[in-house]
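Commentary on secondary and tertiary structure
The lines below spell out each chain.
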Amino acid sequence: MTDPMQVQAEKGLISSGAWPRRPAGAGASRRRAAPGLADWGPAAALAVLAAAFSVASPHFASLANLQAILEASAVPLILAVGMTFVILQGSIDLSVEGVTAMTGIGLSLLVANSSTMLALGWWGVAAALAGGLAFGLVNGVLHHALRMPSLIVTLATWFVGLGIAALLFPARQPQILDASLLALSTTKVAGLSPIVYGAAAVVVLGVVAQRMTRFGRLSYAIGEDESLVRLAGLPIGRVKIAAYAISGLAAALAGVFLTSQIGVGNPTAGQNFLFPAISAAVIGGTLLSGARGGVLHSAVGVLILQVLENGMVLVGASPLIQQIIEGAAIMLAVAIGGYPLIRKLRVVK
């Protein structure tokens, strides 16, 4: 059995002399687990899906369709990256739709619009992002300081965000008049909007934070065994709050991009993005129990869902069939990802 304290030491989180060492040679070959089916399986599944749909439909592999897939993947990618750090710690963030709704309505009222006299431009965008960041911080503080389950905290703030969006919504739907904001979705560079490049930048930053920062390493350690990290005196609270802050900021950025795409303030613009973001993380190999997976896993999961949805439409499959296949894909991903832990889990709730 892998010693979790030794695992944390190997990740460079705490001094290796802080706990007793196991006998020399015991489990040494397991210190670094080789990539398994849960690691390369999602990428292989994406390649198989792309090949299958390319054969089934001559339009799938066209440049225009690939650009459409990337455009459709941009906002879910941003949400999935933000969600990944929370899931790696073994928690969940259900508030993203509320944050997205609040951000969208707030932004539509702060920039040049048809309902108010305000025209703050990029300062309005900054204010919307700050609002999402504040929501994430509140989630993290409530979860850590008050020991409230992340499911309950973020479910509550989800409804708070939706309520704020409903309160801010004016008598008439605000139409965005800010040309620079609308240009985020209408301008094309190499056939792709700035939103796609923004999503790619978020993925890169997420990978850097995951692999090259203490925050990323501690996120894995907390998901592996939070009690041992606490015993080592490491800053669990700051890491948890930072993960929720990142998730809130990502949800706010998604709200900004969605508002640019639809051109109006709409409190329902973020609907139906929460569960696809969680599903993408799971399908990509990021376990809901924490400590396994990562940003690139979640990004592959997003692409799998988008390729699946796009390909099913091209071959004329019913939306109901799409839902069945997506559900089956999630169950398969969870089964494959959790298989190595079967012997460790004595109780499943």
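Just so we're clear, the structure is a prediction, and the values are computed from it rather than from any experiment.

Another point: the pattern of salt bridges. The full count for this structure, using the stated rule, is three salt bridges. Linking Glu-71 and Lys-188 is a salt bridge whose minimum nitrogen-to-oxygen distance equals 3.2 Å. Pair noted here: Glu-71 is in helix 3 (residues 63-88) and Lys-188 is in the loop between helix 7 (179-186) and helix 8 (194-212), with a separation of 117 residues, a long-range link. The class for Glu-71 is buried, based on a relative accessible area of 18%. Across the pair Glu-226 and Arg-230 runs a salt bridge, and its minimum N-O distance is 2.7 Å. Here the residue Glu-226 and the residue Arg-230 both occupy positions in helix 9 (residues 214-231), the gap between them amounting to four residues, near one helical turn. Salt bridges here are not isolated pairs; linked through shared partners, they connect Glu-226, Arg-230 and Lys-240.

At a closest axis distance of 8 Å, the pairing of helix 4 (residues 96-110) and helix 10 (residues 236-262) adopts a crossing angle of 50°. Regarding the angle of helix 4 to helix 10, the classification is oblique. Crossing handedness for the pair helix 4 and helix 10: right-handed. Here Val-96, Val-99, Thr-100, Thr-103, Gly-104 and Leu-107 of helix 4 lie close against helix 10, whose contacting residues are Ser-247, Gly-248, Ala-251, Ala-252, Ala-254, Gly-255, Val-256, Leu-258 and Thr-259. For the contact of helix 4 with helix 10, the residue count by class is eight nonpolar, seven polar and no charged.

Of all the 11 residues making up helix 11 (residues 274-284), nine are buried; the element is thus mostly covered by neighbouring parts of the structure. Among all positions in helix 11, only Leu-274, Ala-277, Ile-278, Ser-279, Ala-280, Ala-281, Val-282, Ile-283 and Gly-284 are buried.

On to the layout of surface pockets, then. One way to see where empty space is left: roll a probe the size of a water molecule over the atoms. Estimates place the volume of the second largest pocket at around 430 Å³. Looking at the lining of the second largest pocket, the elements that each hand over two or more residues are helix 3, helix 11, helix 12 (295-314) and helix 13 (319-338). A class-by-class count of the residues in the lining of the second largest pocket yields 11 nonpolar, six polar and two charged.

Time to look at unusual backbone geometry. The phi torsion at Arg-147 lies on the positive side, around 55°, for a residue other than glycine. For Arg-147, the location among the structural elements is in the loop between helix 5 (122-145) and helix 6 (150-168). Of note, Ala-291 is a non-glycine position whose phi angle comes to about 70°, a positive value. For Ala-291, the position within the fold is in the loop between helix 11 and helix 12.

What follows deals with the confidence of the model for the chain. Of all residues in the chain, 85% attain a pLDDT of 70 or more, and the chain-wide mean is 85. Across the chain, the element-wise mean pLDDT spans from 49 in helix 1 (residues 4-10) up to 96 in helix 8. Note on residues 14-33: pLDDT is under 50 here. Beyond four places in sequence and across chains, it has 20 contacts.

What follows deals with helix 7. Within helix 7 the residues assigned to the buried category are Leu-181, Leu-184 and Ser-185. Each buried residue of helix 7 sits inside an arc of 85° when the element is viewed along its axis, so together they form one side. Turned more than 90 degrees off the buried face of helix 7, the exposed positions are Ala-179 and Thr-186. Buried residues belonging to helix 7 abut helix 4, helix 5, helix 8 and helix 10.

For the rest of this paragraph, the subject is the packing of helix 8 against helix 9. For any two helices packed against each other, one specifies the crossing angle of their axes together with the interaxial distance. Here helix 8 crosses helix 9 at 70°, and the two axes come no closer than 4 Å. The angle between helix 8 and helix 9 falls in the class roughly perpendicular. Within the contact between the two elements, helix 8 uses Ala-209, Gln-210, Arg-211 and Met-212 and helix 9 uses Arg-214, Phe-215, Gly-216, Arg-217 and Tyr-220. Of the residues that constitute the contact of helix 8 with helix 9, the class distribution is four nonpolar, two polar and three charged.

Conventions and cut-offs
Residues numbered from 1 in each chain as written. Predicted model: local features only at pLDDT ≥ 70, side-chain atom pairs only at ≥ 80, totals over all residues. Heavy atoms only, no water. Salt bridge = Lys/Arg side-chain N within 4 Å of Asp/Glu carboxyl O. Helix = DSSP H or I, 4+ residues; strand = E, 2+ residues; numbered from the N terminus. Buried < 20%, exposed > 50% of the residue type's maximum accessible area, 1.4 Å probe, protein only. Axes fitted to C-alpha atoms, helices over the stretch in contact; angles between N-to-C directions. Parallel < 35°, antiparallel > 145°, perpendicular 65-115°, else oblique. Left-handed = near helix turned anticlockwise from the far one by under 90°. Contact = heavy atoms within 4.5 Å. Nonpolar A, V, L, I, M, F, W, Y, C, P; charged D, E, K, R; others polar. 1 Å grid on protein atoms, 1.4 Å probe; cavity = no way out; pocket = protein on both sides within 12 Å on 5 of 7 lines; lining within 4 Å. Points joined across faces, edges and corners; volume = space filled by probe spheres on them. pLDDT = per-residue confidence, 0-100. Arc of directions from axis to C-beta.

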